[in-house]
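# Overview (structure and organization)
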Amino acid sequence: VLPQIPPCDFKPEPYQVRGLYLRVTYYKKPVFINQGYMQWLWDVDGRRYLDLFAGVATVSVGHCNPKVTETAEKQLRRLWHTTAIYVYPQMQEYAEKLASLLPDPLKVVYFTNSGSEANDLAVLMARLYTGNFDVITLRGSYHGGSPQATGLTSNADYKYPIPSSMGCHNTMCPDVFRGLWGGSHCRDSPVQTIRECSCSPDTYQLVREKGGICIADEVQTGFGRTGSHFWGFQGHNVFPDMVTMAKGIANGFPMGAVVTTAEIARSFGKGVHFNTFGGNPLACAVASSVLDTIKEDKMQENSAEVGTYLLTELAKLRDKYEIIGDVRGKGLQIGVEMVKDKASRDPLPPEAMAEIFEDTKDMGVLIGKGGLYGQTFRIKPPMCITKNDADFFLAVFNQAVQNYMERR
Ligand code: PMP
């Protein structure tokens, strides 16, 4: 049963705000959202959309998920905040719940308000613990928008023509579709980068041999999204020394965390680490309810089931259309890479991407766009979507690609 939608008095004139929002919304006419419920969003005109982007994998268990919302409401009447000097049961309870989901010895939890902050804190701790300064991330990656995290990020769209943080080196992403060498040869690149920056991975091993530690950024991939496992790093025989998380952690309520080992945490104990809002009782209560909801409502299992179905069906579309170059992902973290043609693998130009994107939205489905050339459609829905929703999207996307092919 869908909730009643209160009318929205604010009727924006889209073109007045176009300059401000266009780059953000990607759409010709910005989509003004008025309400959300689970996998659905409604705009100010009452149009309903199936949300397959979820604020970039942020709305993990559904917009205004009733269980999480009820928990938030109760906590709002009890306690919102303290100074960071006191402790309160919600933080204790949540830290224990979260740590129980990570392998030993990842048991010490720090709370932040965002992914950027979590990555900043992780890099600071890594530097203090190892005594090394250089950090290596993958080319094409996004790790946040703070001055430090902009250095970790390797995508010009998110950079400005000023120096970002020092000591950040970006190495080849093992991209088997578009990578320079593709496949297993990508192992050479981190080795080369390590030599180039004379500091410090199979990638983890190499980093450790050089006195480094390994950080897994699970801001998008954590909390059951990849289906087969709770964390993205799992299933690959790697054990990070630190895990950073945010976004889906609290279903869209601002929160982030770093989980690390007691040994690494000790090196951080010399100063006072203070974060006014990090881990406040409301955020912890919401995040705790998100963990319960993922488990009770079998959302990780759903990610595996619906995600695998989507990947299988999208692969059929890839075989049908010359402009769908690659379909990849795991669970409900999916990329559909669009190309001019399969032989050249040249990225589908932005205007063509925009046409398919716009058409998909006009038929009622919101997806994302990304990639170094803006060539990849991104699908990372709330983990409550059903097989029927997937079928609806597949029909819409098929139609949008077909429309484009007929027009060009
Ligand atoms: N890491 C990854 C992988 C992300 O996707 C993001 C956000 N897109 C961040 C870090 C930064 O998180 P936030 O926007 O909460 O600072």
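Residues numbered from 1 in each chain as written. Predicted model: local features only at pLDDT ≥ 70, side-chain atom pairs only at ≥ 80, totals over all residues.

## A word on the environment of Ala-262
The topology assignment puts Ala-262 in helix H9 (residues 262–266). Look past the residues within four positions of Ala-262 in its chain and what remains in contact with it is Pro-105, Lys-107 and Val-108. (Helix = DSSP H or I, 4+ residues; strand = E, 2+ residues; numbered from the N terminus. Contact = placed C-beta atoms within 7 Å.)

## Quick notes on unusual backbone geometry
Between Asp-104 and the following residue, Pro-105, the backbone shows a cis peptide bond with an omega angle of 0°. Looking at the secondary structure, you find Pro-105 in the loop between helix H4 (89–99) and strand S4 (106–112). One non-glycine residue, Ala-57, adopts positive backbone phi at about 60°. Within the secondary structure, Ala-57 is located in helix H2 (residues 54–57).

## So, the nonpolar core
One finds Ala-122, Met-242, Ile-249, Ala-257, Val-259, Ala-287 and Val-290 to be the most contacted residues of the largest nonpolar core, which totals 90 residues. Of the residues forming this core, the biggest block, 9 residues, is contributed by helix H10 (residues 281–296). Counting the residues that make up this core, at least three belong to each of domain 1 (14–61 + 299–407) and domain 2 (66–296). Val-259 has contacts with Leu-98, Ala-99, Leu-102, Leu-106, Val-108, Val-109, Met-242 and Val-243, leaving out every residue within four places of it along the chain. (Core = buried A, V, L, I, M, F, W, Y, C linked by C-beta atoms within 7 Å. Buried ≥ 20, exposed ≤ 12 C-beta atoms within 10 Å, placed from the backbone. Domains from an automatic or database assignment.)

## Focus on the sheet that holds strand S1 (residues 33–37)
Read from one edge to the other, the open sheet built from 4 strands follows the order S1-S2-S3-S12, with strand pairing classed as mixed. Lying at the two open borders of the sheet, with one neighbouring strand each, are S1 and strand S12 (365–366). The pairing of strand S2 (residues 40–43) with strand S3 (residues 48–51) spans 3 bridges and is antiparallel. Bridge assignment links Leu-41 to a residue of S3, and that residue is Tyr-49. (Pairing = 2+ DSSP bridges.)

## Digging into the domain arrangement of the protein chain
A common measure of how large an interface is: the accessible area buried when the components associate. Here the domain parsing of the protein chain yields domain 1 (14–61 + 299–407) and domain 2 (66–296). One C-alpha centre belongs to domain 1, the other to domain 2, and the line joining them spans 26 Å. Every contact between the two is made by 24 residues of domain 1 and, on the other side, 21 residues of domain 2. Breaking the side of domain 1 that touches domain 2 down by element, the ones donating at least two residues are H2, helix H11 (299–320), strand S10 (324–330) and strand S11 (333–338). Considering each element in turn, the side of domain 1 that touches domain 2 owes the most residues, 6 residues, to H11. A per-class count over the side of domain 1 that touches domain 2 returns 9 nonpolar, 10 polar and 5 charged. (Nonpolar A, V, L, I, M, F, W, Y, C, P; charged D, E, K, R; others polar.)

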